[in-house]
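Inside the fold
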Amino acid sequence: MTTDDFSFALPPFKPDEAIVKLRRDLRELRGLTARGDSFEYRGHRVVLLTLEPDCIRAKVVDRPARTPHWEDRRLASGADVRRFTEDVRRRLARWNEDE
């Protein structure tokens, strides 16, 4: 027996199902308000989500502002989605500290 006999494939990433969970997780974060495909923090858009056939395109701002700098992310796995959610959680904590 080789180690290849014990390998298994991860389930395929389903972006349409993952975006539903991601939106729910972001709505649960204190301070974020859902507005269609985006989320706002104190009246400023801070997260934008777009569903693509093979992934989720997510944009997040470094700091809330009238003309923010957007960071583009490609979420193509469950791990990417979890990392993105945790990153938004950390940013919210930092924004709350700064005010």
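Heads up: the structure comes first, above all this text.
Reference entry: report on the structure contained in this document. Counting of residues starts from 1 at the beginning of each chain's written sequence and follows it residue by residue. The predicted nature of this model means local features are confined to residues of pLDDT at least 70 and side-chain atom pairs, given and counted, to a pLDDT of 80 or more, with totals for whole chains, interfaces and linings taken over all residues. To obtain the side-chain values, all non-hydrogen atoms of the structure were used and water was disregarded.

Overview of the sheet that holds strand 1 (residues 32-35)
Quick reminder of the rule: Strand pairing is defined by DSSP finding a minimum of two bridges between the two strands. Note on conventions: DSSP H or I runs of at least 4 residues are helices, E runs of at least 2 residues are strands, and numbering of each starts at the N terminus. Axis definition: a line fitted to C-alpha atoms, over the contacting stretch in the case of helices. Angles run 0 to 180 degrees between N-to-C directions.
With respect to topology, five strands assemble into an open sheet ordered 1-2-3-4-5, the strand pairing being antiparallel. Only two strands of the sheet have a single neighbouring strand rather than two, namely strand 1 and strand 5 (70-75). Neighbour to neighbour, the strand axes of the sheet diverge by 20 degrees on average, direction disregarded. As paired elements, strand 3 (residues 44-51) and strand 4 (residues 56-61) share five bridges and run antiparallel to each other.

Focus: the pattern of salt bridges
We count it as follows: One speaks of a salt bridge when a side-chain nitrogen belonging to Lys or Arg is within 4 Å of a carboxyl oxygen belonging to Asp or Glu. Note on classification: 1.4 Å probe, protein chains only; a residue is buried when its accessible area is under 20% of the maximum for its type, exposed when over 50%, partly exposed between these limits.
This structure, assessed with the given rule, holds 13 salt bridges. The salt bridge partner of Arg-74 is Asp-54, with a shortest N-O separation of 2.9 Å. Of the two residues, Arg-74 sits in strand 5 while Asp-54 sits in the loop between strand 3 and strand 4, which places them 20 residues apart along the sequence. Among the residues examined, Arg-74 registers a relative accessible area of 42% and is labelled partly exposed. In this structure, Arg-73 engages Glu-71 in a salt bridge whose closest nitrogen and oxygen atoms are separated by 3.3 Å. The exposure class of Glu-71 is partly exposed, given its relative accessible area of 23%. Several salt bridges share partner residues, and in doing so they unite Glu-71, Arg-73, Asp-87 and Arg-91 into one network.

A look at the side chain of Glu-40
This is how it is decided: In protein, a polar contact requires one atom able to donate a hydrogen and another able to accept it; more generally it is a pair of N or O atoms within 3.5 Å, and residues adjacent in sequence count only if both atoms are side-chain atoms.
Along the polypeptide, Glu-40 turns up in strand 2 (residues 38-41). Classification of Glu-40 by relative accessible area gives buried; the value is 18%. Separated by 3.4 Å, the side chains of Glu-40 and Arg-35 make a polar contact.

Focus on helix 1 (residues 15-28)
To be explicit about the condition: Helix span, expected: 1.5 Å multiplied by one less than the number of residues in the helix. What the arc describes is the spread of directions from the helix axis to the C-beta atoms.
In this model, helix 1 (14 residues) spans 20 Å end to end at C-alpha, consistent with the 20 Å of a helix rising 1.5 Å per residue. Within the sequence span of helix 1, burial applies to Pro-15, Ala-18, Ile-19, Leu-22, Asp-25 and Leu-26. With its buried residues spanning 125 degrees around the axis, helix 1 presents them on a single face. Facing away from the buried side of helix 1 by over 90 degrees, the exposed positions are Glu-17 and Glu-28.

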